[in-house]
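Here are the chains, one letter per residue:
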Amino acid sequence: MLELLLTTYAFCYHFQLDDPLIQLVEDYKWINFFDFRWKLGIDGLSLGPVLLTGFITTLATLAAWPVTRDSRLFHFLMLAMYSGQIGSFSSRDLLLFFIMWELELIPVYLLLSMWGGKKRLYSATKFILYTAGGSIFLLMGVLGVGLYGSNERTLNFETSVNQSYPVALEIIFYIGFLIAFAVKLPILPLHTWLPDTHGEAHYSTCMLLAGILLKMGAYGLIRINMELLPHAHSIFSPWLMVVGTIQIIYAASTSLGQRNLKKRIAYSSVSHMGFILIGIASITDTGLNGAILQIISHGFIGAALFFLAGTSYDRIRLVYLDEMG
């Protein structure tokens, strides 16, 4: 709660809304070999997700009152997840983005495999295989942009944005980043870890998963694929729109057939991510604003729905809809 108040204070009094550049910058030299810097900063795109992260983590921590087994470890993992999410939403260095992205997988795995339901080890292993497998492509893309993107080795966002690449190289980078973010966002063929994970996780973990983890994929698509690789994005965006449309219809119709309440909500959030994908692929101001608005609103909706499902499960101990009556 203190951190949420601190974040809100910083955004209310130290953030100029009319300034389009990066604000509240923190920049230290970290590793000399790569010119690798600890560089954080906020602009209008990461303003919403950071505040959303603070709010939903506070709610999820409050929702975790009933956790009695190893509760200190539980809250430690929640806060570690919090750090990784804030870090990846505000990092201005490609390798730092990757490190924060990875830092946030390990707490989720432990939260899943220790406080989950009956099939928790299966779903936790499936989660870590999918997301860590996607992260390999993210690492290859980050190192490729850093090492081959320009004459001198740089991992800085500001210098990478102004680089122009050969089209073939840019498409290869784009595919690598797209696979990594497609696992996280879930885009259609790579979405199957999500219903399992949400069906087994403890509901405060579910709130963070639905509210923030899915949004990291959308944020990465906007921040890296749109800003750093615009030509490849214009080539791929019609296909992304097609996939997004299929995903909305498919996931919504799958959601209606689920018996498990949590899985039903999980499929509906996959369907909502299709709208974000269409907004990102439209390459218009209105589409991008709509995507960011949907990121924020679905963060609230998904977290609230999982909170309600979990609290009702705590009262009645039934998770299947046809048993509830």
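Scroll up for the structure.
Residues numbered from 1 in each chain as written. Predicted model: local features only at pLDDT ≥ 70, side-chain atom pairs only at ≥ 80, totals over all residues. Heavy atoms only, no water.

(A) Structural view of the layout of surface pockets. What the largest pocket holds in volume is close to 720 Å³. Forming the walls of the largest pocket are 26 residues, and the residues nearest its centre are Gly116, Gly117, Lys118, Glu200 and Tyr313. Elements supplying a minimum of two residues to the lining of the largest pocket: helix H5 (105-115), helix H9 (193-200), helix H12 (261-281) and helix H13 (285-316). Of the residues that constitute the lining of the largest pocket, the class distribution is 10 nonpolar, six polar and 10 charged. Of the pockets and cavities examined, the second largest pocket occupies roughly 440 Å³. Taken together, 15 residues make up the lining of the second largest pocket; nearest its centre are Thr7, Ala10, Leu24, Ile42 and Ile86. Elements with a contribution of two residues or more to the lining of the second largest pocket: helix H1 (2-13), strand S1 (23-31), strand S2 (36-42) and helix H3 (71-90). (1 Å grid on protein atoms, 1.4 Å probe; cavity = no way out; pocket = protein on both sides within 12 Å on 5 of 7 lines; lining within 4 Å. Points joined across faces, edges and corners; volume = space filled by probe spheres on them. Helix = DSSP H or I, 4+ residues; strand = E, 2+ residues; numbered from the N terminus. Nonpolar A, V, L, I, M, F, W, Y, C, P; charged D, E, K, R; others polar.)

(B) Region of the structure containing the side chain of Asp93. Assignment of secondary structure puts Asp93 in the loop between H3 and helix H4 (94-103). A distance of 3.1 Å separates a polar side-chain atom of Asp93 from the backbone nitrogen of Leu95. If we ignore the near neighbours within four places in the chain, the residues touching Asp93 are Phe36, Arg37, Lys39, Leu155 and Phe157. (Polar contact = N/O pair within 3.5 Å; in protein donor to acceptor, adjacent residues only side chain to side chain. Contact = heavy atoms within 4.5 Å.)

(C) How the structure looks around the pairing of S2. Most of S2 is tucked away, with five of its seven residues classed as buried. Looking at chain direction, S1 and S2 are connected through six bridges and run antiparallel. When the sheet's bridge partners are listed, Lys29 is paired in S2 with Arg37. Hairpin connection between S1 and S2: a loop of four residues separates the two successive antiparallel strands, and Asp35 in this loop has a positive phi of roughly 55°. (Buried < 20%, exposed > 50% of the residue type's maximum accessible area, 1.4 Å probe, protein only. Pairing = 2+ DSSP bridges.)

(D) Just the packing of aromatic side chains, in detail. Tallied over the full model, the rule gives 15 aromatic pairs. Judged by centre distance (5.1 Å) and plane angle (25°), the rings of Trp30 and Phe36 are stacked. Residue classification places Trp30 among the partly exposed positions, given a relative accessible area of 43%. With a centroid separation of 6.2 Å and 10° between ring planes, the pair formed by Phe177 and Phe181 is classed as stacked. Residue Phe177 and its partner Phe181 are both found in helix H8 (residues 167-184); the two are separated by four residues, about one turn of the helix. Owing to a relative accessible area of 0%, Phe181 belongs among the buried residues under this scheme. Cation over ring: Lys184 sits above Trp101, and NZ or CZ is 5.1 Å from the ring centre. If you follow Arg259 out to its NZ or CZ, it ends over the ring of Tyr320, 4.4 Å from the centre. (Phe/Tyr/Trp six-rings, centres within 6.5 Å; stacked < 30°, edge-to-face > 60°. Lys NZ or Arg CZ within 6 Å of the ring centre and 35° of its normal.)

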